[in-house]
Every structure is written in C-alpha cells, then in structure tokens.
Amino acid sequence: MSESTTNYFSHKLEFNLNKKPAKVSDRTNWGFLLPQIVTGVLLVALGVLEMIGGFKYTNTNIEKISPLNNDVVAHSFFTPLFFDIVFILFGLSLIIIGVLSYLRYRKYIFDGKQMLIGYRPIFGKKRIIKEKIKNFLGVRFRIVFYQLGIRTTNKYIIELCHKDPNKNVPLYISVSPVLVRKKWKEYARFFKLPALINTDEGLISRNLKDLDLSLKKLAAKGVITDNFDSYDDLPESLKYVRRKDKIVLKRKNTWDIYNFMAWMAVIAVSSMTVLTVLNFKLFYQNMQISAYGIIFMETMFIALSLLILFRKEKLVLKKHKIVNTHKYMLFSTKHNEILKDDIEAIEVSHNPASGRYFVSIISDNNTITFGAKLPVNDLKWIKCFLIHEVIK
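Bear in mind the structure is a predicted one, so any value in this text is a computation, not a measurement.

## Points about the overall build of the chain
Now for step 1: Within the chain, the regular secondary structure consists of 8 helices and 18 strands.
Now for step 2: Counting only residues that meet the buried cut, the chain has 44% of its 392 residues in that class.
Now for step 3: Here the contacts in the chain between residues at least 6 apart in sequence split such that 59% fall between residues at least 24 apart.
Now for step 4: Counting every atom, the chain has about 21900 Å² of accessible surface; 59% of that belongs to carbon and sulfur.

In structure tokens:
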C-alpha cells in the first residue's frame, strides 16, 4: 500500500456528504492567518509613524542640547531609519505571505460515484482531476505534527487515500482530537472502503467490525495479545516511576532541528534585547514609547520560548485511566486523559511527511499522542507496556 501523503492547507474542515453534489474547499483558515496579518499591519504602521515623527523628535532634542551654529555628529550602530525600514519590510512580508496563503486552495466535489478535484496554486493554471471512488485505497486516519510558531501541535486528518498523493481527498481535519476516531469509522462505512492507518509496520488496514470494540474486548477475542516482557530493559530515553496509586512514564529531553532553530531564535532575540538596553537612551530619544514596547515584546518572547523549550511530557497511568500531562518549570498541566475501558487502539503511528513516529492512544472521543521524538524501538516498548497495563 502507498504511504504517500498530502499537505493540506486547512486546520478545520468537514466534508458533508449528505447532499449531492457535496462540496468542500481546502484552504488556510482566516482564524490562523488573522494574527499574522494584524501583526504585519501593526509593524508597518509602527515603522511609518516612526519614520514620519521620529526624525522630527530627534531634531528637537538636538536643538535643545546643541549650541547654535555648531555641527553635531551622531554616532550610532543602528540608525532610526534602519529600524523603521526593517519594521515596514517585515510587516509587509507577513501581510503578503498571509494573503497569498489564502488565495491558494483545493476544491473537492463528490457526485455519488466519483470525486472531482480542482487545485488553484498561487502561481500557474488551475488543474482539475476526476477519480472514481473504487480507485481509492481506503479511508485513512493520520496525525500530523506541525509548527505553530515555537510550539509543536497536532493536526488530525481523515482522508480518502490514493496511491497518487495528488488525488488524496480530505474528509475531516481538526486540531482537536475529540470524536476523530468516530468520524473515521463513519466515513469508512459511508464509502464502504477499508479503514487505514500509518504505523511502524507501514500503512495497514483495520477490520471495520473491530473498530467499535475496546482494547479489552479485542484481547478477549484474541485479536490483541499481551507481548510485554517485564524483564526487558527500560529504554534509555524514558524514566519510569512507580508510586502507590499510579505509574509515571517520563520522556527525557531530546533535541531535533526544531529545538535548534528555537534556541537560535532565543539567542538572537536575547542579543537584540541586550543591545536595546545598552543603547536605551538612543532608542528612547528616537523611538519614544516604542522603545519600552520593543523591550517588553522581546522579554515576553524569551520567557515563553524558555517555558516551552523546558516543557516535559509525561504519561500517568492510574487505576482506571491514562493521563497525558505537560510539566513546565514551575507548574504542570493536564493535557488530555482517556479511560482505560474506552481505549480502542494503541499504535506506533507514523507521519510519512515528517518521518516521525509516536505512540497514539485512541478512543472514540479522544486521542493522546506521546513520544514524538523517541526512537521507534522505544515507542514499541511503550506500546507493549501500555497494552499490558490496559488489558491485564
């Protein structure tokens, strides 16, 4: 089977198939673009206002402190005009990128027998493809990790899967795990196609009859077996803590390209903050109140970045449920939880687009993901351990 994937633009989409012809558009949601565009507009406005009023303010200051008819030479590593131009150019780039992202889209039309796919790129001609439903491999459920600023989050996707990624059709896309598995089963039954999922074993098919059964019932039928060996060594990437009323699995800190890029951004912004503070008098004379705003924004960015970079992910196994928590430097938050009796699948899932593997704990109404940066063999250990704890 093919593991080809499509990078969809939407973060929220649902293909309503009750009416014929059924239509849906895949394009970047305004809700995700609006903060970017608003930030761009504010940066352009700030740059223009400073360019118009900043020089006038500077000249007034010089007249006050300089004797008449004397030449004054101002030495500065960065001139006010430099920052004005940087703000304007950066703001314009945010606006242009946001508008262009919205203009591109894919449109899908289902007439009951075949799917019509139209794609409008940012540049170039519009393309149209027709494909019969019987030519699709099945209805696939997958989870995509995507970068939202410095934060990594999940996008849950249900799609008609084709061996040609250009013919994949999004049926349901959401950043919330609620009801995703239920939607997956409904679409698979509607199209009468296999239910597919990407795992460490490749793209595999699930029996529709078994999708409604819990992990405990699947074990009772012999579909799921307990292969956990308590004598196996604990993976080096994990910490295991056994307490009176719970078991805690902690993921040790791991690094990847996203961590490296985030740290580079923190170092760059920290350097800019130090430069701003050391030259605060010059910044204040030329930029007035904006100097305080720059320091505040830089400080907030550094604080939030460090908070996220030092976040630790944990799985807490209690008697009747599994809880996913995020531990920060000073506090912890409950990210998600699922009752053990409601768990219908535990998989080592694969995202072919990024090459990452992770453990998925799935129920009809919810999904927990864990260990996105861990080695595959360590994830397999976690899968066996979790299945053992759920069905014992």
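More follows now that the structure is in view.
## Quick word on a negative patch on the surface
Now for step 1: On the surface, a cluster of negative charge is contributed by Asp229, Asp232, Asp233 and Glu236.
Now for step 2: You can see Asp232 is positioned in the loop between helix 4 (215–221) and strand 11 (238–242).

## Quick notes on the nonpolar core
Now for step 1: Judged by nonpolar contacts, the single largest core of 39 residues is most densely connected at Phe15, Met115, Val139, Leu160 and Phe191.
Now for step 2: Sequence-distant contacts of Phe191, that is, excluding residues within four places in its chain, are made with Leu17, Phe110, Ile133, Val139, Leu160 and Leu171.

## A closer look at the pairing of strand 8 (residues 169–174)
Now for step 1: A large share of strand 8 lies buried, amounting to 6 of its 6 residues.
Now for step 2: Sheet topology note: the strand 1 (residues 13–14)/strand 8 ladder contains 2 bridges and is antiparallel. Bridging from a neighbouring strand, Glu14 pairs with Tyr172 of strand 8.

## Some points on a nonpolar patch on the surface
Now for step 1: A contiguous nonpolar surface patch, about 500 Å² in accessible area, is contributed by Met51, Leu81, Ile85, Leu89, Leu92 and Ile96.
Now for step 2: By the secondary structure assignment, Leu89 is in helix 2 (residues 80–103).
Now for step 3: Leu89 sits in the exposed class, given a relative accessible area of 55%.

## Side note on the sheet that holds strand 13 (residues 312–317)
Now for step 1: Spatially, 11-12-13-14-15 is the arrangement adopted by the 5 strands of the open sheet, whose pairing is antiparallel. Single-partner strands in this sheet number two, and they are strand 11 and strand 15 (332–339). Strand-to-strand twist of the sheet, defined as the mean angle between neighbouring strand axes without regard to direction, takes the value 20°.
Now for step 2: As defined by bridge partners, strand 11 adjoins strand 12 (residues 247–251) across 5 bridges and the pair is classed as antiparallel. Considered in strand 12, the bridge of Arg242 is made with Ile247.
Now for step 3: Together, strand 11, strand 12, strand 13 and strand 14 (321–327) form the strand contacts of helix 8 (residues 376–391), whose direction differs from that of strand 12 by roughly 165°.

## Quick word on the packing of aromatic side chains
Now for step 1: Counted according to the given criterion, the structure contains 9 aromatic pairs.
Now for step 2: For the ring pair Phe228 and Phe385, a centre distance of 5.4 Å and an interplane angle of 65° mean the geometry is edge-to-face. Taken together, the residues Phe228 in the loop between helix 4 and strand 11 and Phe385 in helix 8 connect sequence positions 157 residues apart.
Now for step 3: Classification of Phe385 by relative accessible area gives buried; the value is 2%.
Now for step 4: Above the ring of Phe9, the side-chain terminus of Arg106 is found at 4.5 Å from the ring centroid.
Now for step 5: Over the ring of Tyr119 we find Arg106, and its NZ or CZ is 5.1 Å from the ring centre.

Rules used throughout
Residues numbered from 1 in each chain as written. Predicted model: local features only at pLDDT ≥ 70, side-chain atom pairs only at ≥ 80, totals over all residues. Heavy atoms only, no water. Helix = DSSP H or I, 4+ residues; strand = E, 2+ residues; numbered from the N terminus. Buried < 20%, exposed > 50% of the residue type's maximum accessible area, 1.4 Å probe, protein only. Contact = heavy atoms within 4.5 Å. Areas by Shrake-Rupley, 256 points an atom, 1.4 Å probe, with all protein chains shown as cover. Patch = residues over 30% accessible without salt bridge, like charges linked within 9 Å, V, L, I, M, F, W, Y side chains within 5 Å. Salt bridge = Lys/Arg side-chain N within 4 Å of Asp/Glu carboxyl O. Lys, Arg positive; Asp, Glu negative; His and termini not counted. Charge placed at Lys NZ, Arg CZ, Asp CG, Glu CD. Core = buried A, V, L, I, M, F, W, Y, C linked by side-chain atoms within 4.5 Å. Pairing = 2+ DSSP bridges. Axes fitted to C-alpha atoms, helices over the stretch in contact; angles between N-to-C directions. Phe/Tyr/Trp six-rings, centres within 6.5 Å; stacked < 30°, edge-to-face > 60°. Lys NZ or Arg CZ within 6 Å of the ring centre and 35° of its normal.

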